[in-house]
Amino acid sequence: MRPRPRSAAYAGRYVAKNLVAAGLADKCEIQVSYAIGVAEPTSVSVNTFGTGRVSDERIIELIREPFETSYTWTDTQGEEHTETFTAFPWEKTDRAAVLRDAARL
């Protein structure tokens, strides 16, 4: 399945929430771009608006490993079945400890 724009936005929120929860920044904006027929993002950009504890470039390196870039979960069920969930996957901060350890903060 190809990523849908809303699915990519949910994934970006998930990554940003985990970065903030890990203490890597106080604010964070994630931007991804895709090309038709290419499974992985063609570009990933991070902006911490000067609040980062490490550089934005280092944060990009840190998020490449622990985060899956396939957004098929929301393509198949997340957006259409919102009434069945109490906590959406993109609202979790379950990767914060991994990021904090990787950044050595």
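As the structure is a prediction and not an experimental result, all values here were calculated from the model.

A.B. asks: How should I be thinking about the nonpolar core in this particular structure?
C.D. replies: Within soluble globular proteins, side chains that are nonpolar tend to cluster in buried spots. Counting residues in hydrophobic clusters, the biggest one holds 21 residues, and the most contacted among them are L19, L24, I30, V46, I59, I63 and L99. Elements with a contribution of two residues or more to this core: α1 (5-21), β2 (43-47), α2 (56-64) and α4 (96-103). Examining the composition of this core, we find that five residues originate from one element, α1, more than from any other. When sequence neighbours within four positions are dropped, the list of residues in contact with L24 reads L19, T51, G52, R53, V54, I59, L62, L99, A103 and L105.

A.B. asks: Is there a simple way to explain the side chain of T48 in this structure?
C.D. replies: Within the secondary structure, T48 sits in the loop between β2 and α2. Looking at T48, its side chain comes within polar contact range of the main-chain nitrogen of G52, at 3.4 Å. Setting aside residues no more than four positions away along its own chain, T48 makes contact with A25, K27, C28, D56 and I59.

A.B. asks: So what exactly am I meant to see when it comes to the confidence of the model for the chain here?
C.D. replies: For any part of a model where pLDDT is low, the fine detail of the predicted coordinates should not be relied upon. Confidence in the prediction of the chain, expressed as mean pLDDT, is 79, and 75% of residues score 70 or more. Element-level mean pLDDT values for the chain span from 47 in helix α3 (residues 72-78) up to 92 in β2.

A.B. asks: What's the story with the packing of aromatic side chains in this structure? I'm lost.
C.D. replies: For any pair of aromatic rings, geometry is given as the distance between the ring centres together with the angle between the planes. The full count for this structure, using the stated rule, is zero aromatic pairs. Sitting over the face of the ring of F49, K27 holds its NZ or CZ atom 5.4 Å from the ring centroid.

A.B. asks: What should I look at first to understand α4 in this one?
C.D. replies: Count 3.6 residues to each turn of an α-helix, and residues three or four apart come out pointing the same way. Where α4 is concerned, the buried positions are A96, L99 and A103. Seen end-on, α4 carries its buried residues on one side only, within an arc spanning 65°. Just beyond α4, the residue with positive phi is R104, at close to 60°.

A.B. asks: Please clarify how the environment of V44 should be interpreted in this entry.
C.D. replies: Position of V44 relative to the elements: it lies in strand β2. As for V44 and I60, which are separated by 16 residues in sequence, their C-alpha atoms are 7.2 Å apart. Leave out the neighbours within four places in its chain, and V44 touches Q31, V32, I60, I63 and R64.

A.B. asks: Which parts of the structure should I look at to understand the packing of α2 against α4?
C.D. replies: Helix packing for two helices is described by the angle between their axes and how far apart those axes are. Taken N-terminus to C-terminus, the directions of α2 and α4 make an angle of 125°; their axes are 10 Å apart at the nearest point. Considering their axes alone, α2 and α4 lie oblique with respect to each other. Between α2 and α4 the crossing geometry is right-handed. Between α2 and α4, the residues in contact are R58, L62 and I63 and L99, A102 and A103, respectively. Classifying every residue of the contact of α2 with α4 gives five nonpolar, no polar and one charged.

A.B. asks: Just to check I follow, could you spell out the pattern of salt bridges for this structure?
C.D. replies: Proximity of charged atoms lets side chains of opposite charge pair with each other. Per the stated rule, a full pass over the model turns up four salt bridges. Between R13 and E91 there is a salt bridge, with its nearest N and O atoms 2.6 Å apart. Of this pair, R13 sits in helix α1 while E91 sits in the loop between α3 and α4, placing them 78 residues apart in sequence. You can call R13 partly exposed: its relative accessible area is 42%. Overall, the relative accessible area of 29% leaves E91 in the partly exposed class. In this structure, the salt-bridge partner of K17 is E91, at a minimum N-O distance of 3.2 Å. Residue K17 is located in helix α1, and its partner E91 is located in the loop between α3 and α4; the two are separated by 74 residues in the primary sequence. The class for K17 is partly exposed, based on a relative accessible area of 26%. Overlapping salt bridges, with partners in common, bring together R13, K17 and E91 in one network.

Scoring rules and cut-offs
- Residues numbered from 1 in each chain as written.
- Predicted model: local features only at pLDDT ≥ 70, side-chain atom pairs only at ≥ 80, totals over all residues.
- Heavy atoms only, no water.
- Core = buried A, V, L, I, M, F, W, Y, C linked by side-chain atoms within 4.5 Å.
- Buried < 20%, exposed > 50% of the residue type's maximum accessible area, 1.4 Å probe, protein only.
- Helix = DSSP H or I, 4+ residues; strand = E, 2+ residues; numbered from the N terminus.
- Contact = heavy atoms within 4.5 Å.
- Polar contact = N/O pair within 3.5 Å; in protein donor to acceptor, adjacent residues only side chain to side chain.
- pLDDT = per-residue confidence, 0-100.
- Phe/Tyr/Trp six-rings, centres within 6.5 Å; stacked < 30°, edge-to-face > 60°.
- Lys NZ or Arg CZ within 6 Å of the ring centre and 35° of its normal.
- Arc of directions from axis to C-beta.
- Axes fitted to C-alpha atoms, helices over the stretch in contact; angles between N-to-C directions.
- Parallel < 35°, antiparallel > 145°, perpendicular 65-115°, else oblique.
- Left-handed = near helix turned anticlockwise from the far one by under 90°.
- Nonpolar A, V, L, I, M, F, W, Y, C, P; charged D, E, K, R; others polar.
- Salt bridge = Lys/Arg side-chain N within 4 Å of Asp/Glu carboxyl O.

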